[in-house]
Amino acid sequence: MAQRATPERDAEDAAELAALMARYCDGDARAFHALYAALAPKILGYLTGLIGDRATAEDLLQQTFMKLHQGRASYVRGANPAPWLYTIAHRACIDEIRRKKRSKVRLSTDGTLPREPAADLGGAAEAAGATSNEADVERGLAALATLPALLREAVLLTKIQGRSSAEAALIAGTTAGAIKVRAHRGYVALRNKLLGATEDEGPAAALGAVALDRVELQ
Amino acid sequence: MKESLEDLGSLGALASSLPPPPSSDLLADVGSMRPVRTRVPLLALCIVAVAAAVYPVVGLAIYPLRPDLAALPTWWLVSVALVWLAGFIVPLTLAIMPRAGHVLPDGARAGRVAGLACLTAVLLGLLFTIDAPGVTIVPTSVWEMFRRYWWGCVSFGLKISIPAVLVAAAVLRKVAVTRLPSLGAAVGAAGGAFAGLALHALCPVGGAWHVGLAHGGGVVIGATIGALWLPLLVRLGGKRNDR
């Protein structure tokens, strides 16, 4: 589970990451490895939740850090690199989704889309002491996949990754207010789904009149 | 309702997930990396501002000042000039400069300010224009204003907005910013506002319709061009870099 950090702890973490990033930009390879160790687990969790497929998420993680490496000259010294890295990951994920849409789609005989492989996170949850089993995680990911994309990213960023609304807004390219609304709706829908609410009173009811089921990641 | 991660059960695993080691390509690149000079947003802001300033500064140097300048109230000239100047500085700063502690500029905030700049520029012209009777050229009708005077002032604005948008795209191309249309709108609006400032000193044509729809309209058109062009230019620059 994500630790609910205090503002002081957040500030310390941000300062530590900023110092690592500065050393990385100065050519220190050890700083890169420290930065990777600190941020890659969170970014991978975010990407897995967003795309629903562990293997693709791992590819996107590599792309994200490659883009960070290539664009490290764009870093602003003293800034927390984490929201920026999330943004790069977010953009990589959108590009991947668009690429998949453009590529040929295999349809089953009844004309429906084949189901994407579920993420394999079994045994990978280090923070929780790896207690959740694979089936639970798959069920969670399946519930997450039922959310419209905008609600999913808002829930992932704020509720699961613990980013602030302002940071999440910057990462997702929207306003903090919109993130708060989407995160709340997504959370309610997801909670109902995971706690076994019936289909009628579950996500669809929680979303109310907001027709977000067709919206795409921006 | 208190919202806690515990309610989401196994999804807590997504907060942190054991990653694979960095790829061999990445490790090779990191192993051979050299120190890089990092971005200084203030410098980027100055570069875009200079790109926007070239044409109006040249214009102020080579074109004669408006003939009714001496007949207009100084307080009005100064206060309107300050509004145009703010319309240039504020959106441009928000489009290029990140908040303290961040790498990326806040596109949502820049977009809101760009919209406000457009509205202010048009209303400033429509509601607060003062003419010097007998000296200021005032179009006899809205139609005459559009036919004879509109494009000259709008095109003056485009000659400022377009270089600003081009240079902004160059400085933002590797930064992975979000909300590029909003940032582009802010840069374009800033260019239009700089044009409004220069035209405030140069344009001999007055009248609320002209100042509102040609000078203020230049801000709107600049913002529109910025919103449309900046995303395309940044993506184009990104693709070139990927090759």
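Residues numbered from 1 in each chain as written. Chains lettered and ligands numbered in written order. Predicted model: local features only at pLDDT ≥ 70, side-chain atom pairs only at ≥ 80, totals over all residues.

*Asks:* Help me out: how do you make sense of the overall build of chain B in this one?
*Replies:* Secondary structure assignment for chain B yields 7 helices and 0 strands. Counting helices and strands in the order they occur from the N terminus, chain B gives α-α-α-α-α-α-α. Relative to the 2.2 N^0.38 estimate, which gives 18 Å for 243 residues, the radius of gyration of chain B is 23 Å and therefore markedly larger than a compact globule would have. Overall size of chain B, expressed as C-alpha extent along the three principal axes, is 80 × 50 × 30 Å. Here chain B holds 243 residues, and 48% of them are scored as buried. Excluding contacts between residues fewer than 6 apart, the proportion of contacts in chain B whose partners are at least 24 apart in sequence is 89%. (Helix = DSSP H or I, 4+ residues; strand = E, 2+ residues; numbered from the N terminus. Rg over C-alpha atoms; globule rule 2.2 N^0.38 Å. Buried ≥ 20, exposed ≤ 12 C-beta atoms within 10 Å, placed from the backbone. Contact = placed C-beta atoms within 7 Å.)

*Asks:* Quick question: what am I supposed to make of the overall build of chain A here?
*Replies:* Broken down by element type, chain A carries 9 helices and 0 strands. Along chain A, helices and strands appear, N-terminal first, in the series α-α-α-α-α-α-α-α-α. By the burial criterion, 46% of the 218 residues in chain A qualify as buried. Long-range pairs, those at least 24 residues apart, make up 61% of the contacts in chain A with a sequence separation of at least 6.

*Asks:* Looking at this structure, I do not really get the interface of chain B and chain A. What am I missing?
*Replies:* When the parts come together, some accessible area is lost, and that loss is often what is quoted as the size of the interface. Listed as interface residues are 44 residues of chain B and, on the opposing side, 62 residues of chain A. The element best represented in the side of chain B that touches chain A is helix α1 (residues 24-31) of chain B, accounting for 4 residues. Residue composition of the side of chain B that touches chain A, grouped by class: 22 nonpolar, 12 polar and 10 charged. (Nonpolar A, V, L, I, M, F, W, Y, C, P; charged D, E, K, R; others polar.)

*Asks:* Quick question: what am I supposed to make of the environment of Tyr 46 of chain A here?
*Replies:* By the secondary structure assignment, Tyr 46 of chain A is in helix α2 (residues 29-51). When near neighbours in sequence (up to four residues on either side) are disregarded, Tyr 46 of chain A contacts Tyr 86, Ala 89, Leu 156 and Gln 161 of chain A.

*Asks:* Would you take a moment to explain the packing of helix α7 (residues 165-172) of chain A against helix α8 (residues 176-194) of chain A for this structure?
*Replies:* Helix-helix packing: each pair is described by the crossing angle between the helix axes and the interaxial distance. All names here are of chain A. Orientation of α7 relative to α8, taken along the N-to-C sense of each, is 100°, at an axis distance of 8 Å. Considered as vectors, α7 and α8 are oriented roughly perpendicular to each other. Facing α7, whose interface residues are Ser 165, Ala 166, Ala 168, Ala 169 and Ala 172, α8 presents Ala 176, Ile 179 and Lys 180. Partitioning the contact of α7 with α8 into residue classes produces 6 nonpolar, 1 polar and 1 charged. (Axes fitted to C-alpha atoms, helices over the stretch in contact; angles between N-to-C directions. Parallel < 35°, antiparallel > 145°, perpendicular 65-115°, else oblique.)

*Asks:* Looking at this structure, I do not really get the nonpolar core. What am I missing?
*Replies:* The tendency in soluble globular proteins is for nonpolar side chains to be buried as a group. Core analysis: the biggest nonpolar cluster contains 125 residues, and Leu 47 of chain A together with Ala 186, Val 187 and Leu 230 of chain B have the highest contact counts within it. In terms of residue count, the dominant contributor to this core is helix α7 (residues 208-242) of chain B (14 residues). (Core = buried A, V, L, I, M, F, W, Y, C linked by C-beta atoms within 7 Å.)

*Asks:* Looking at this structure, I do not really get the confidence of the model for chain B. What am I missing?
*Replies:* Residues and elements named next belong to chain B. Taken over all residues, the pLDDT of chain B has a mean of 91, while the share at 70 or more is 92%. Here α7 stands out as the least confident element of chain B, with mean pLDDT 89; helix α3 (residues 74-96) is the most confident, with 97. Two summary scores accompany this predicted model of the complex, namely pTM at 0.79 and ipTM at 0.80. (pLDDT = per-residue confidence, 0-100.)

*Asks:* Just checking my understanding: could you explain unusual backbone geometry for this structure?
*Replies:* What you tend to see is this: most non-glycine residues have negative phi, and most peptide bonds are trans. The phi torsion at Arg 179 of chain B lies on the positive side, around 55°, for a residue other than glycine. Structurally, the position occupied by Arg 179 of chain B is in the loop between α5 (142-172) and α6 (180-202).

*Asks:* For this particular structure, what's the right way to read the environment of Leu 158 of chain B?
*Replies:* Residue and element names in this part refer to chain B. Within the fold, Leu 158 resides in helix α5. Leu 158 gets classed as buried once you count the C-beta atoms within 10 Å, which come to 20. The sequence separation of Leu 158 and Leu 43 amounts to 115 residues, and the corresponding C-alpha distance is 24 Å. Beyond its immediate stretch of four places on either side in the chain, Leu 158 contacts Ile 221 and Gly 222.

*Asks:* Any chance you could explain the confidence of the model for chain A here in plain terms?
*Replies:* Low pLDDT marks regions whose predicted coordinates should not be analysed in detail. Residue and element names in this part refer to chain A. Per-chain confidence: chain A averages 77 in pLDDT, with 72% of residues scoring 70 or above. Helix α9 (residues 203-207) is the least confidently modelled element of chain A, averaging 43 in pLDDT, while helix α3 (residues 54-70) averages 93, the highest of any element. In this model, residues 116-132 is a region of pLDDT below 50 whose contacts with residues beyond four sequence positions or in other chains number 42 contacts. In this model, residues 198-216 is a region of pLDDT below 50 whose contacts with residues beyond four sequence positions or in other chains number 27 contacts.

*Asks:* Would you mind showing me how to read α2 of chain A here?
*Replies:* Residues lying three or four places apart along an α-helix face the same way, a consequence of the helix completing one turn every 3.6 residues. The largest bend in α2 of chain A comes to about 40°, at Leu 39 of chain A, with the proline Pro 41 of chain A one to four residues further on. Downstream of α2 of chain A by a residue or two, Gly 52 of chain A has a phi angle that is positive, lying close to 75°. (Bend = angle between axes of the 7 residues up to and from the residue.)

*Asks:* I tried to follow the environment of Phe 128 of chain B on my own but got confused; where do I start?
*Replies:* All names here are of chain B. As for its position among the elements, Phe 128 is in the loop between α4 (107-127) and α5. We classify Phe 128 as partly exposed; it has 14 C-beta atoms within 10 Å. Separated by 79 residues in the primary sequence, Phe 128 and Gly 207 have C-alpha atoms spaced 9.9 Å apart.

*Asks:* Is there a simple way to explain the packing of α2 of chain A against α3 of chain A in this structure?
*Replies:* All names here are of chain A. With their axes 9 Å apart at the nearest point, α2 and α3 run at an angle of 135° to one another. Here α2 is positioned oblique relative to α3, judged by the angle of their axes. Every pair of crossing elements has a handedness; the one defined by α2 and α3 is right-handed. Across the interface between the two elements, Tyr 36, Ala 40, Ile 43, Leu 44, Leu 47, Thr 48 and Ile 51 of α2 pack against Arg 54, Thr 56, Ala 57, Glu 58, Leu 60, Leu 61, Thr 64 and Phe 65 of α3. Its residues placed into classes, the contact of α2 with α3 shows 10 nonpolar, 3 polar and 2 charged. (Left-handed = near helix turned anticlockwise from the far one by under 90°.)

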